[in-house]
Amino acid sequence: MAANPPTHEQLLAEADLALRLDDVERAAELFERVLLTAESTSDRAGALAGLGQLAFRRGDPLGAIAALEESLDLQADAPPGALETLGRAYATASRSTDAVRPFELGLAAARDRGDAAGATRFSLLLANAFVDCSEIGRAQEVLGGALAGVADADPHLQADLFWTQARLHTMTDNQETAARYARQTIDLLERADDPYRLGRACHMAAYIEVERGNHADALELVRRALELTGPDASPLEQARYRIEEARALAHLGEHEAAAAVAMTACARLAEHEPHDAARGYVVIADAFREGGDAARALELYELGLELLDSAPNPWVADACARAAGLLEA
C-alpha cells in the first residue's frame, strides 16, 4: 500500500528545518513545491516567507522584500524570522524608514505571546533601525527599554546589545565609547565561537577605528572580518567590508590600492546599498584628488552625493565638505 504524500504543512516544516541547517537548495525546492501546489492562503504565505528568507541569504534584498511583503499581505501573523528578515532586507536596501515597521510588528507579537527574549531581540533590531534613520532619541528610548531583558540573556543577545550601543555612540560621534562597546562585542563573540558574527563585529570595529584615526588597526580588523566570514558572507556583505578596507588604505596613503578595492565594491553595492556605494565613490574621488585629477574627483564626489541624498545619513556633510574644498581650490 502506497504511503500518503506529505501534506503542505509537513513540507513547510521540512523546508524550515533545511533552511536552519543551511541546506538552501533543499529548502528552495520544498518552498517552491508548496508555492506551486498550495491552495490555502496560509500555506502560500509560509512558502513565500521561506523564499523571502532564502533570497535575503543569497544577497537579493529586493527579492526578499517582494516575497516577504506578499506573504504578509496573505497572512498578517508572520513568523518572527520572516519579520526580522524583512526588516534586515529593507535596511540592506538603504530603506531604513521601511525597516521600522516589521521590527515594530515583531516586537508587538513577541510581547503578546509573552516571549521576553524575542521582545528584547526585536527591541535591539528596532533600535538599530532608528540609528539607521538618524533618529537617535527614539533609538535611545527603545534601547533603554531593552536593557533590563539582557542581563541574564545568552552571549549572542548580550553581544547584540553591545553592538547596538557601539553603533549609537558612533552616530553621536562618541568614538571612544563606541570603541569600548565594539571591543566588548568582539570579546563576547570570541568566547561564543561564532566566526560569522565575530567577523561582522570586527567590521563595525574597523569603521570605528577609521573614525578614530587608527587606520592600521582598522585595516587589520576589516581583513580579519573578511577572513572570519569567508563564504558565509553574501557578496553584498563582502563588498561592504571592502569599502572599509578601502577607507583604511586611503588614510594610510595607499590611494591606488584604495581606489581599486573601492571600485570593485561599488559595482556590487550601487543598486542595493547606495549609501555604502557612495562612501566608496568618495574614497575613489579622494584618490583622484591626491593624483591631481580634480575634474574626475569632483565628478565622483557628485556621484557619491547623489546616492547619499536618498535618505538621512551621517556621511552627507563630510562628502559635501570635500567637494566644496575641491571647488574652492
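Residues numbered from 1 in each chain as written. Predicted model: local features only at pLDDT ≥ 70, side-chain atom pairs only at ≥ 80, totals over all residues. Heavy atoms only, no water.

Trainee: Help me out: how do you make sense of the overall build of the protein chain in this one?
Mentor: Counting secondary structure elements, the protein chain contains 17 helices and 0 strands. Relative to a compact globule of 329 residues, whose C-alpha radius of gyration would be 20 Å, the protein chain shows 21 Å and is just as compact. With respect to the principal axes defined by its C-alpha atoms, the protein chain has extents near 80 × 40 × 30 Å. Going through the 329 residues of the protein chain one by one, you find that 50% of them count as buried. Residue pairs at least 24 apart in sequence account for 54% of intrachain contacts in the protein chain once pairs closer than 6 positions are excluded. Approximately 15,700 Å² of the protein chain is accessible, and the part contributed by carbon and sulfur atoms is 50%. (Helix = DSSP H or I, 4+ residues; strand = E, 2+ residues; numbered from the N terminus. Rg over C-alpha atoms; globule rule 2.2 N^0.38 Å. Buried < 20%, exposed > 50% of the residue type's maximum accessible area, 1.4 Å probe, protein only. Contact = heavy atoms within 4.5 Å. Areas by Shrake-Rupley, 256 points an atom, 1.4 Å probe, with all protein chains shown as cover.)

Trainee: Even after reading the chapter, I still don't get the packing of aromatic side chains, so can you show me in this structure?
Mentor: Any pair of aromatic rings gets described here by the distance separating the centres and the angle formed by the planes. All told, the structure shown has 1 aromatic pair when counted by the stated rule. Taking 6.1 Å as the distance between ring centres and 25 degrees as the angle between the ring planes, the aromatic pair formed by Phe-162 and Tyr-181 counts as stacked. Of the two residues, Phe-162 sits in helix α9 (residues 155-171) while Tyr-181 sits in helix α10 (residues 175-192), which places them 19 residues apart along the sequence. Of the two residues, Phe-162 and Tyr-181, neither departs from the other in class, the shared state being buried. The residue whose ring lies beneath Arg-180 is Tyr-181, and the NZ or CZ to ring-centre distance is 5.6 Å. Lying over the aromatic face of Phe-288, Arg-296 brings its terminal NZ or CZ to 5.6 Å of the ring centre. (Phe/Tyr/Trp six-rings, centres within 6.5 Å; stacked < 30°, edge-to-face > 60°. Lys NZ or Arg CZ within 6 Å of the ring centre and 35° of its normal.)

Trainee: I'm lost on the confidence of the model for the protein chain in this one. Help?
Mentor: Detail in the predicted coordinates should be disregarded across regions flagged by low pLDDT. Of all residues in the protein chain, 95% have pLDDT values of 70 or greater, and the mean over the chain is 86. Between the elements of the protein chain, mean pLDDT differs from a low of 76, seen in helix α17 (residues 316-328), to a high of 95, seen in helix α12 (residues 215-229). (pLDDT = per-residue confidence, 0-100.)

Trainee: Explanation requested: helix α11 (residues 195-212) in the structure shown.
Mentor: Note: α-helices contain 3.6 residues per turn, so residues at a spacing of three or four share the same orientation. Here α11 contains 18 residues, and its C-alpha end-to-end distance of 25 Å stays within 8% of the 26 Å for a straight helix at 1.5 Å per residue. Across the 18 residues that make up α11, a large majority, 13, are buried. At the exit of α11 stands Gly-213, carrying a positive phi of roughly 90 degrees. (Expected span 1.5 Å × (residues − 1).)

Trainee: I tried to follow the packing of helix α13 (residues 235-251) against helix α15 (residues 274-290) on my own but got confused; where do I start?
Mentor: Between two packed helices, both the angle of their axes relative to each other and the distance between the axes serve to describe the pair. The interhelical angle for the contact between α13 and α15, taken along N-to-C directions, is 25 degrees, at an axis separation of 10 Å. By the criterion of interaxial angle, the relationship of α13 to α15 is roughly parallel. The interaxial crossing formed by α13 with α15 has left-handed handedness. Together, Arg-240, Ile-243, Glu-244, Ala-246, Arg-247 and Ala-250 of α13 and Asp-276, Arg-279, Gly-280 and Val-283 of α15 make up the contact between the two elements. (Axes fitted to C-alpha atoms, helices over the stretch in contact; angles between N-to-C directions. Parallel < 35°, antiparallel > 145°, perpendicular 65-115°, else oblique. Left-handed = near helix turned anticlockwise from the far one by under 90°.)

Trainee: Is there a simple way to explain the side chain of Arg-247 in this structure?
Mentor: As for its placement among the helices and strands, Arg-247 is situated in helix α13. Of note is the side chain of Arg-247, whose polar atom sits 2.5 Å from the side chain of Glu-211. What Arg-247 contacts, discounting residues up to four positions off in sequence, is Tyr-207, Val-210, Glu-211, Arg-279 and Val-283. (Polar contact = N/O pair within 3.5 Å; in protein donor to acceptor, adjacent residues only side chain to side chain.)

Trainee: How do you make sense of the side chain of Asp-276 when you look at a structure like this?
Mentor: Secondary-structure assignment places Asp-276 in helix α15. Under the relative-accessibility criterion, Asp-276 is labelled buried at 12%. In this view, Asp-276 contacts Arg-240, Ile-243 and Leu-269; residues no more than four positions away in its chain are not counted.

Trainee: I'm lost on the nonpolar core in this one. Help?
Mentor: As a rule of thumb, nonpolar side chains are buried together in soluble globular proteins. Counting 58 residues, the largest nonpolar core has Ile-186, Ile-208, Leu-269, Tyr-281, Ile-284 and Tyr-301 as its most contacted members. No other element matches the 9 residues that α11 contributes to this core. Residue contacts for Ile-186: discarding those within four places in its chain leaves Leu-198, Ala-201, Cys-202, Ala-205, Leu-221 and Arg-224. In this structure, Leu-68, Tyr-90, Ala-119 and Phe-130 belong to the second largest nonpolar core, which totals 36 residues. (Core = buried A, V, L, I, M, F, W, Y, C linked by side-chain atoms within 4.5 Å.)

Trainee: Can you help me understand the pattern of salt bridges in this one?
Mentor: Close approach of charged atoms allows side chains of opposite charge to pair. For the structure shown, the criterion picks out 25 salt bridges. Among the ionic pairs, Arg-26 bridges to Glu-29, the shortest N-O distance being 3.1 Å. With a gap of 3 residues between them, Arg-26 and Glu-29 both fall in helix α2 (residues 24-37), about one helical turn apart. Of the residues examined, Arg-26 reaches a relative accessible area of 28% and is grouped as partly exposed. With relative accessibility at 46%, the residue Glu-29 sits in the partly exposed group. (Salt bridge = Lys/Arg side-chain N within 4 Å of Asp/Glu carboxyl O.)

Trainee: What is the right way to read unusual backbone geometry from this model?
Mentor: Residues apart from glycine generally show negative phi values, whereas peptide bonds are mostly found in trans. Backbone geometry places Ser-134, a non-glycine residue, at a positive phi of 60 degrees. On the secondary structure map, Ser-134 appears in the loop between α7 (116-132) and α8 (136-146). The backbone phi angle of Asp-173 is positive, close to 60 degrees, even though this residue is not glycine. In this structure Asp-173 comes out as exposed when scored by relative accessible area, which is 60%.

Trainee: What is the right way to look at the environment of Asn-214 in this model?
Mentor: Note that Asn-214 resides in the loop between α11 and α12. Linking Asn-214 and Arg-88, residues 126 residues apart in sequence, is a C-alpha distance of 29 Å.

Trainee: Looking at this structure, I do not really get the packing of α10 against α11. What am I missing?
Mentor: Packing of α10 against α11 leaves a shortest axis separation of 9 Å and a crossing angle of 160 degrees. By the angle between their directions, the pair α10 and α11 is classed as roughly antiparallel. Considering how the two elements wind past one another, α10 and α11 form a crossing that is left-handed. Two secondary-structure elements touch here, α10 through Gln-175, Glu-176, Ala-178, Ala-179, Ala-182, Thr-185, Ile-186, Leu-189 and Glu-190 and α11 through Arg-197, Leu-198, Ala-201, Cys-202, Met-204, Ala-205, Ile-208, Glu-209, Glu-211 and Arg-212.

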